[in-house]
Amino acid sequence: MNFFKRTKSPEIISLHIPKTAGTSFRNILKSVYGDKNVVRFDINNNGVVRLNEEIYSAKQLPPSKVIHGHFHYEILTSVFQLPEHYKFITWVRDPVKRVLSNFYYLESRLKEILNEDKKNLNILSKMQRSLIEYARVDINRNRQSKFLKGKPLETFDFIGIQENFHEEVTRLSQVLGWKSIPEVLFHNKTEGRPIELPTEILEEIRELNMEDLELYREALRIRDNKFSV
């Protein structure tokens, strides 16, 4: 608590879209700014706010140097007033790859929780949606656009491209004035996905996420034009 009293307001707000290397990036932020200066900050779709996974009821943003977590921009700004001077950053990813990663991550977590092999159960086969069934559900479509809605991409101080993570961290270090570039380690990588999927499945997922596809292309254009190193 003493730390919070000494700090004024966030200097960096990092909006983490699921499955865009968020855990790896949070660890990089901690290595640069220190564990105590980076907090996890999440707001769900119902407006429930959590700070480091605990319910947070204050009316202002936590006074940590860096806040990083899952929240929609529109929900964040409807609940909190943003500071006058800060850096707003995010990462985006090819929408098809992001959907696949999210699906297989959830699938692996469900298997881990149920641990059916040791319990001789067959719950997973009854509960599990196929990939395309998952992708067709509205809440799973165009998630990147939903998270960033209300904030034009050109107003971000940094938009990272997840596929080029190592190079983008170097670029970010220049934007934020880091003295050195921390070692890049990946966390929460999803394993076990099919090596190859039918073309028609991938094409349908792409069609289901056309808003995200355009957002991703726009982020690439901005990166190449505005943030080229």
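Here the structure is a predicted model, which means the values were calculated and not measured.

Novice: Is there a simple way to think about the overall build of the chain in this case?
Specialist: Scanning the chain for helices and strands turns up eleven helices and seven strands. Classification of the 229 residues of the chain by burial places 46% in the buried group. Of the contacts made within the chain by residues no fewer than 6 positions apart, 76% connect residues no fewer than 24 positions apart. Just so you have it, the chain exposes about 13000 Å², and 48% of that area is on carbon and sulfur atoms.

Novice: Just checking my understanding: could you explain the environment of E214 for this structure?
Specialist: Counting through the fold element by element, E214 comes out in helix α11 (residues 210–225). Among the residues examined, E214 registers a relative accessible area of 40% and is labelled partly exposed. The sequence separation of E214 and S145 amounts to 69 residues, and the corresponding C-alpha distance is 9.3 Å. Separated by 2.8 Å, the side chains of E214 and R221 make a polar contact.

Novice: How should the pairing of strand β5 (residues 66–69) be read in this particular structure?
Specialist: Successive side chains on a regular strand alternate, one facing one side of the sheet and the next facing the other. Along β5, one buried face is formed by V66 and H68 and the opposite face, lined by I67 and G69, is buried too. Across four bridges, the pairing between strand β1 (residues 12–15) and β5 is parallel. By the bridge assignment, I13 is partnered in β5 with I67. In this structure, strand β2 (residues 38–43) lies alongside β5, joined through three bridges in parallel fashion. The partner of R40 across the bridge, within β5, is H68.

Novice: Looking at this model, I keep getting lost on helix α2 (residues 22–33). Mind explaining?
Specialist: Owing to its 3.6 residues per turn, the α-helix aligns residues three or four sequence positions apart on the same side. For α2, built from twelve residues, the straight-helix expectation of 16 Å at 1.5 Å per residue is met to within 8% by its first-to-last C-alpha distance of 16 Å. Among all positions of α2, only G22, T23, S24, F25, R26, I28, L29 and Y33 are buried. Against β1, β2, β5, β6 (87–92) and α9 (165–176) lie the buried residues of α2. Looking at the residues trailing α2, positive phi occurs at G34, about 95 degrees.

Novice: Please explain the sheet that holds β6 as it appears in this structure.
Specialist: Each strand in a sheet pairs with another by means of backbone hydrogen bonds, the pair being arranged parallel or else antiparallel. The seven strands lie next to each other as β4-β3-β2-β5-β1-β6-β7, forming an open sheet whose pairing is mixed. This sheet does not close on itself; its edge strands, each paired only once, are β4 (54–55) and β7 (158–161). Of the strands in this sheet, β1, β6 and β7 touch α9, which is tilted by about 165 degrees from β7. Docked against the sheet, α11 engages β6 and β7, running at close to 110 degrees with respect to β7.

Definitions and limits used
- Residues numbered from 1 in each chain as written.
- Predicted model: local features only at pLDDT ≥ 70, side-chain atom pairs only at ≥ 80, totals over all residues.
- Heavy atoms only, no water.
- Helix = DSSP H or I, 4+ residues; strand = E, 2+ residues; numbered from the N terminus.
- Buried < 20%, exposed > 50% of the residue type's maximum accessible area, 1.4 Å probe, protein only.
- Contact = heavy atoms within 4.5 Å.
- Areas by Shrake-Rupley, 256 points an atom, 1.4 Å probe, with all protein chains shown as cover.
- Polar contact = N/O pair within 3.5 Å; in protein donor to acceptor, adjacent residues only side chain to side chain.
- Pairing = 2+ DSSP bridges.
- Expected span 1.5 Å × (residues − 1).
- Axes fitted to C-alpha atoms, helices over the stretch in contact; angles between N-to-C directions.

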